[in-house]
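# Results of the structural survey
Each chain, written out:
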Amino acid sequence: MKKKILKLGLSALLATNLMVAGHVLTQTEFIPTAGAAQTEVATQQVKGKITNISQKAKTIALAKKDKSFFLLKFSDDTTLKGVKSSKEFKVGEAIKVHYTTVNGENIASSLEKALVKLPKGVKEIKTDQLTDLIEKDKDVVIIDARPPVKYAEGHIADAVSIPYAKLAKMGEDGVKLVEKYKDRQLVFYCGGPT
């Protein structure tokens, strides 16, 4: 009985959220319905941070930038981009989802981690490349761009804590935080979406 009430409550919340938030249509698909001709269903996109994920129920709850809540389902047919399994998605991560709404339910057609694009002139390196760089180049400075609490939990040996949020808040003055390293190679690492 509680599960049924909870399901109805989440469905009502989801329906209200969809009516209030509105979404941009990105493309159109045709989905066959039982005993009828194909029905036109619009594919939409949403970005948000995972607030809850259930592998058993195959559902993901997202918090969007506007603080609204969004619930969707995924299946074995959902395309995963940048991950091998849905188990790689974690609470707190930003994701981008393409989905369709069928019978009042949001069904994910694709899920992918929403990673920040690197600025021009900046390149990504892999962990083994970083290991080699640290061993061979003593002029490299490793900067941990995660929040201070994450740095305190653990970090690469000798890494300097300069949180991205602090750099972003300082704007052009953020350069002062790395000025003393201007003659050295800088390697920034973070927790994913930063």
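With that settled, the discussion passes to the sheet that holds strand β10 (residues 185–189). The strand order across the open sheet built from three strands is β9-β8-β10, with neighbouring strands paired in parallel fashion. In this open sheet, the two edge strands, each paired with only one partner strand, are β9 (160–161) and β10. As defined by bridge partners, strand β8 (residues 140–144) adjoins β9 across two bridges and the pair is classed as parallel. The partner of I143 across the bridge, within β9, is V160. Across the face of the sheet, helix α2 (residues 127–136) comes into contact with β8 and β10 while running at roughly 135 degrees to β8.

The next subject is the pairing of strand β7 (residues 105–113). When strand β5 (residues 79–81) meets β7, the two strands line up parallel, connected through three bridges. Within β7, the position partnered with L80 by the bridge is L111. Judged from the eight bridges that link them, strand β6 (residues 94–102) and β7 form a sheet pairing that is antiparallel. Looking at the pairing, K96 lines up with E112 of β7. Counting the residues in the hairpin turn of β6 and β7 gives two residues, including N103, whose phi is positive at 50 degrees.

In terms of nonpolar packing, the biggest core is built from 15 residues, with I60, L62, L72, I95, V97 and L111 touching the most fellow members. Elements supplying a minimum of two residues to this core: β2 (39–54), β3 (59–63), β4 (69–73), β6 and β7. In this structure L62 touches V46, G48, K49, I50, T51, S68, F69, F70, L72, I95 and V97, once residues within four positions along its chain are discounted. Core analysis: the next-biggest nonpolar cluster, separate from the first, contains eight residues, V140, A159, V187 and Y189 among them.

Attention shifts here to the environment of S68. Note that S68 resides in the loop between β3 and β4. The exposure class assigned to S68 is buried, which follows from its relative accessible area of 15%. When the C-alpha positions of S68 and G48 are compared, they lie 9.4 Å apart, and in sequence the two are 20 residues distant. Here the side chain of S68 touches D66 through a polar contact of 2.6 Å, side chain to side chain.

Moving on, we come to the pattern of salt bridges. Under the criterion given, the structure shown has eight salt bridges. K73 is the partner of E105 in a salt bridge, and the nearest nitrogen-oxygen pair spans 2.9 Å. Taken together, the positions of E105 in strand β7 and K73 in strand β4 put the pair 32 residues apart, joining distant regions of the chain. Residue K113 is joined to E93 by a salt bridge in which the shortest nitrogen-to-oxygen separation is 3.1 Å. With K113 in strand β7 and E93 in the loop between β5 and β6, this pair connects stretches of sequence that are 20 residues apart. Under the relative-accessibility criterion, K113 is labelled partly exposed at 26%.

What counts, and where the lines are drawn
Residues numbered from 1 in each chain as written. Predicted model: local features only at pLDDT ≥ 70, side-chain atom pairs only at ≥ 80, totals over all residues. Heavy atoms only, no water. Pairing = 2+ DSSP bridges. Helix = DSSP H or I, 4+ residues; strand = E, 2+ residues; numbered from the N terminus. Contact = heavy atoms within 4.5 Å. Axes fitted to C-alpha atoms, helices over the stretch in contact; angles between N-to-C directions. Core = buried A, V, L, I, M, F, W, Y, C linked by side-chain atoms within 4.5 Å. Buried < 20%, exposed > 50% of the residue type's maximum accessible area, 1.4 Å probe, protein only. Polar contact = N/O pair within 3.5 Å; in protein donor to acceptor, adjacent residues only side chain to side chain. Salt bridge = Lys/Arg side-chain N within 4 Å of Asp/Glu carboxyl O.

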